[in-house]
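Residues per chain are reported as follows:
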Amino acid sequence: MITTAPPAVETKKNYLTEKEGLMSWLLTSDHKRIAILYLIAVVAFFFIGGLFAVLIRLELATPAGDLVDSNTYNKFFTMHGIIMVLFFLIPSIPAILGNFVLPMMIGAKDLAFPKINLLSWYIYMVGGVFTLYVLLSGGVDTGWTFYTPFSSSYSNGYVIAAGLGIFINGFSAILTGLNFIVTVHRMRAPGLTWFRLPLFVWAHYATSMIQVLGTPVIAVTLFLLVLERGLHIGFFDPAYGGDPVLFQHMFWFYSHPAVYIMILPSMGVVTEIITTFCSKKPFGYTFIAFSSVAIAVFGFLVWGHHLFVSSQSVYAGMVFSVLSYIVAIPSAIKVFNWTATMYKGSVRLETPMLYAIGFIGLFTVGGLTGLFLASLGMNVHLTDTYFVIAHFHYVMVGGAIMGFMGGIHYWWPKMFGVMYSQVWSKVAAIIIFMGFNLTFFPQFLLGYMGMPRRYHVYPAEFQVLNVLSSAGASILGVGYMVAFVYLVWSLKFGEKAGPNPWGATTLEWQTSSPPISENFEVTPVVTQEAYTYTSEEVVHVV
Amino acid sequence: MSSTATPLDQTPVARHHFENLEQQKDASTIGMWVFLITEIMFFGGLFMAYFAYRQAYPAAFASASNKTNLLIGAFNTTVLICSSLTMALAVRAAATGKKNLIVLFLILTLLLGGAFLGVKAYEYHDKWVHHEVPGAHFECEGCQDAGHTPLFFALYFGMTGLHASHMIIGFFILVYLIRQAGKGAYTPKWFTPVEMFGLYWHFVDIVWIFLFPLLYLIDRSGAAK
Amino acid sequence: MAHDHNTGGQDENLTEHHSEHIVPIGIYIAVFLALIVLTWVTSGVATLDLGRLNIFVALSIAIFKASLVLLFFMHLKWATRLTKMIVMSGIYWLILLLFIVMMDLWTRGWMGVPGR
């Protein structure tokens, strides 16, 4: 049930009102304000990336290349990929929800290194500026994967600037990960042992492990690419004795674990939402916690499945294939955990729950189709087709973004002290779910039938499915726009929300909405296991 | 680095989001170690490229490696190890409250680091003069499999260059630390910046401990200089 | 604010905080001398023709030298378990990167498929 606070005594300043003025935001060290700064920037990039999606789907509504030529189309999908993966998905949940909620969930006043947190945001913005520069100068056309030697020697796009933008952005991610790791180790409230932590925290800890160990490798790889292109030094160009497959190895060593950076926080959000809206502690807490870490660790062992059709050795391909099947197991475990949590729970279908349930279904489809791709034989047939595109959009949009939307809707009252329209939010969730499936399900069929990715033309017999997909994309876009509108509207006109409108048990709900700058009046002392739902109020020292 | 520094006679206080100084020191230490492992992976990418290409073109790498000066490399390695010793002694001086020794050892570290970079600059210049810098005028005189030797030199400059840039950053931090130490900011109760920088400096030393054999010591038998 | 370090909240034994441990100068000097000697040893051994063993010896010496710096100069010997785990995972991940990529390069041709 949603409770609204009584027309209350609002003399107490919260983190939004305590200091005023632009500089108090730009020089803040408050993790909550930094989260808001990220929210604005990340959402802006989402819409820019979405714009490219619109252009792609517009072109693909007809078989002929009648909207743009192939070079321009190459730039569309490259910019779409770079912006969506690196400037939207990777930071989305950790930098916004993680930053805002994680310290509160562990009863801390802030992250371990608040100024480094702000620095992370600035670094992200600088990386973003480079990317915008690339965009405005004419774009880059190599695909977000930057495969050599096209990217190092033949492309006419702004490869160096794009590479530098991503390189810089990487440091933002590394510092955020570092901050989270130290925070979880050293800033927990008294009594908060590891196995009393909310699973959202476990998810972010695992994510941070990946950020810290993987991102430096993509950084140095792009650095070498920039050197090669700028100074014609042949690291990856066969003309100089370089090995393009080495580039692919180094690129995917990060970029595969990167997908787990995108999904693990989302899984953490989903666990929190399902628990709250079933008023039931998660089934198999320990399994969920350990599977998060297992995904982070095993996720580093499978990158070769992106190289199955390269000259990577068949032997290595076999090893990577087996490992890729194994890495699916911890994810599958979570799906069982979530559904078991819902069983005999007291399910409330509020908006965040709609997104969480949607996540479970769509992520399962995305994950299972990953197994098709993990098979060496099938991969030869499916690679570089629309099957791959459908697979990763199911996990990244149907999975990660649904989790993001669910999380935004779940923590919105906490962050801003207001509640959005329940009707419109549920309508938007359903529009998004339907639009998403209409966009991407046809793409599985297209890929299976052989339509290649990254082409702006296709045989006429594929048109019906493409038109369905483009129609779906417009519905999906409408859904996101509606969400944007009512959320922004709620900031000014939404009903005031109380400290715990959803009846959740984690620590952030035991303090005011919006929180005061120090988060808690008195540092909480934790005496119970996580997710203790009892008939009386759970008592915490607040 | 942190505004916790206070004159010698005052007790340092933790930043507001920490419960106590112990927690702050601990967080800093873990933070620095986590940063260092990101550096391991960062340099690691270059080591990856090195191993891949050395395995592919052993003759080219051997010939090219022999173009480096073994004695100068060994000398430079020694210099850097000395600077690690002086850095460790600087941290120890801070822990034992010997303000003048902190300054002395930090200055020695700076000088030794400067010597290393000076020698490196000489080596780079030497390579430039002998056309051993990859690019339009590259030439590896008397090298086997000469077509692939630019890869070695690209990695040589890339790896030692990245290492040197880490040392240059260290330089600036050392200057700051020397100034602060001179003002008595570091006491046995709180000398975290010195300690943290020590970890960084030792890490940079460790990178060189690997770079030296990998770049200078390939197939030196019969080619001792 | 009183904390009982042993009941959650903070990790492990903060009481064995390494900064309270002053390393005797003798140990530093001994490690320093070992590093210098090993540097000259590795340089000397490199001039001998040991065939495939050369790189193995050079890397072993380098790993030993690095361990000395880690354990004694960087105080890892007296550090908390968490710190040791962080370092181990960094080294482990580097080894993962190197070995798995080399696995590809070393096993080309094993399965009899042309070119792979």
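No experiment lies behind these values; they were computed from the predicted model shown. (Residues numbered from 1 in each chain as written. Chains lettered and ligands numbered in written order. Predicted model: local features only at pLDDT ≥ 70, side-chain atom pairs only at ≥ 80, totals over all residues.)

Looking only at helices and strands, chain B features six helices and zero strands. By principal-axis analysis of the C-alpha atoms, chain B measures approximately 65 × 30 × 30 Å. In chain B, which comprises 225 residues, the proportion classed as buried is 56%. Of the contacts formed within chain B by residues at least 6 apart in sequence, a portion of 78% connects residues at least 24 apart. (Helix = DSSP H or I, 4+ residues; strand = E, 2+ residues; numbered from the N terminus. Buried ≥ 20, exposed ≤ 12 C-beta atoms within 10 Å, placed from the backbone. Contact = placed C-beta atoms within 7 Å.)

Our focus in this paragraph is the overall build of chain C. Scanning chain C from N- to C-terminus turns up three helices and zero strands. In sequence order, the secondary structure elements of chain C are arranged as α-α-α. Relative to its 116 residues, chain C shows a buried fraction of 29%. A separation of at least 24 residues holds for 51% of the contacts in chain C among residues at least 6 apart in sequence.

Where interface size is given, it is often the accessible area lost as the parts come together that is meant. Each assigned domain of chain C is listed with its residue range as follows: domain 1 (20-79) and domain 2 (81-116). Once you take the C-alpha centre of each, domain 1 of chain C and domain 2 of chain C turn out to be 24 Å apart. (Domains from an automatic or database assignment.)

Tallying the contact residues gives 42 residues for chain B and 42 residues for chain C. Residue assignment for the side of chain B that touches chain C shows that the elements contributing at least two residues are α1 (21-56), α3 (70-95) and α6 (192-216) of chain B. With 16 residues, α1(B) is the single largest residue contributor to the side of chain B that touches chain C. In terms of residue class, the side of chain B that touches chain C is made up of 24 nonpolar, nine polar and nine charged. (Nonpolar A, V, L, I, M, F, W, Y, C, P; charged D, E, K, R; others polar.)

Another point: helix α5 (residues 149-182) of chain B. The terminal C-alpha atoms of α5(B), which comprises 34 residues, lie 48 Å apart, in line with the 50 Å expected from a rise of 1.5 Å per residue. Just beyond α5(B), the residue with positive phi is Gly184(B), at close to 80 degrees. (Expected span 1.5 Å × (residues − 1).)

Residues and elements named next belong to chain A. The linkage connecting Thr-148 with the following residue, Pro-149, adopts the cis geometry, with an omega of -5 degrees. With respect to the helices and strands, the residue Pro-149 is situated in the loop between α4 (114-137) and α5 (150-154). Residue Pro-514 is reached from Ser-513 by a cis peptide bond, and omega for that bond is -10 degrees. Inspection of the secondary structure assignment puts Pro-514 in the segment after β2 (495-496).

Quick look at the packing of helix α13 (residues 386-416) of chain A against helix α14 (residues 422-449) of chain A now. Residue and element names in this part refer to chain A. Orientation of α13 relative to α14, taken along the N-to-C sense of each, is 165 degrees, at an axis distance of 7 Å. When the axis of α13 is compared with that of α14, the two are roughly antiparallel. In the crossing of α13 with α14, the sense of the turn from one axis to the other is left-handed. Taking contact as the criterion, the partners of Tyr-386, Phe-387, Val-388, Ile-389, Ala-390, His-393, Tyr-394, Val-397, Gly-398 and His-409 in α13 are, on α14, Ser-425, Phe-436, Phe-440, Gln-443, Phe-444, Leu-446, Gly-447 and Tyr-448. Per-class residue counts for the contact of α13 with α14 are twelve nonpolar, six polar and no charged. (Axes fitted to C-alpha atoms, helices over the stretch in contact; angles between N-to-C directions. Parallel < 35°, antiparallel > 145°, perpendicular 65-115°, else oblique. Left-handed = near helix turned anticlockwise from the far one by under 90°.)

Of all hydrophobic cores here, the largest spans 279 residues; its most connected members are Ile106(A), Ala49(B), Ala90(B), Ile102(B) and Leu155(B). The residues that make up this core include at least three from each of domain 1 (20-79) and domain 2 (81-116) of chain C. Setting aside anything within four residues of it in sequence, one finds Ala90(B) in contact with Ile102(B), Phe105(B), Leu106(B), Thr109(B) and Val194(B). (Core = buried A, V, L, I, M, F, W, Y, C linked by C-beta atoms within 7 Å.)

What follows deals with the environment of Leu39(A). Along the polypeptide, Leu39(A) turns up in helix α2 (residues 31-59). Through-space distance from the C-alpha of Leu39(A) to that of Ser92(A) is 7.7 Å; in sequence the pair is 53 residues apart.

On to the packing of α1(B) against α5(B), then. All names here are of chain B. Packing of α1 against α5 leaves a shortest axis separation of 11 Å and a crossing angle of 160 degrees. As the angle between them shows, α1 and α5 are arranged roughly antiparallel. Crossing of α1 over α5 shows left-handed handedness. In this structure, α1 contributes Phe-43, Leu-46, Ala-49, Tyr-50 and Tyr-53 to the contact, and α5 contributes Leu-151, Leu-155, Gly-158, Met-159 and Leu-162. Looking at the contact of α1 with α5 residue by residue, the classes come out as nine nonpolar, one polar and no charged.

Attention now moves to the environment of Phe88(A). Its location among the elements puts Phe88(A) in helix α3 (residues 70-105). Here Phe88(A) falls in the buried class, since 25 other C-beta atoms lie within 10 Å of it.

Turning our eyes to something else, we now look at the confidence of the model for chain C. Residues and elements named next belong to chain C. When pLDDT is averaged across chain C, the result is 85; 83% of the residues are at 70 or more. Every residue in residues 1-19 scores below 50 in pLDDT, and together they form 34 contacts with partners more than four places removed in sequence or on other chains. Interface scoring of the predicted complex returns ipTM 0.92; its pTM is 0.93. (pLDDT = per-residue confidence, 0-100.)

With that out of the way, let us pick up the confidence of the model for chain B. Should the pLDDT be low somewhere, the predicted coordinates at that spot are not to be read in detail. Mean pLDDT over chain B works out to 91, with 94% of the residues at or above the 70 mark. Here helix α2 (residues 58-65) of chain B stands out as the least confident element of chain B, with mean pLDDT 92; α6(B) is the most confident, with 97.

Among the secondary structure elements, Lys98(B) is positioned in the loop between α3 and α4 (99-129). It is 21 Å that separates the C-alpha atoms of Lys98(B) and His202(B), two residues lying 104 residues apart in sequence.

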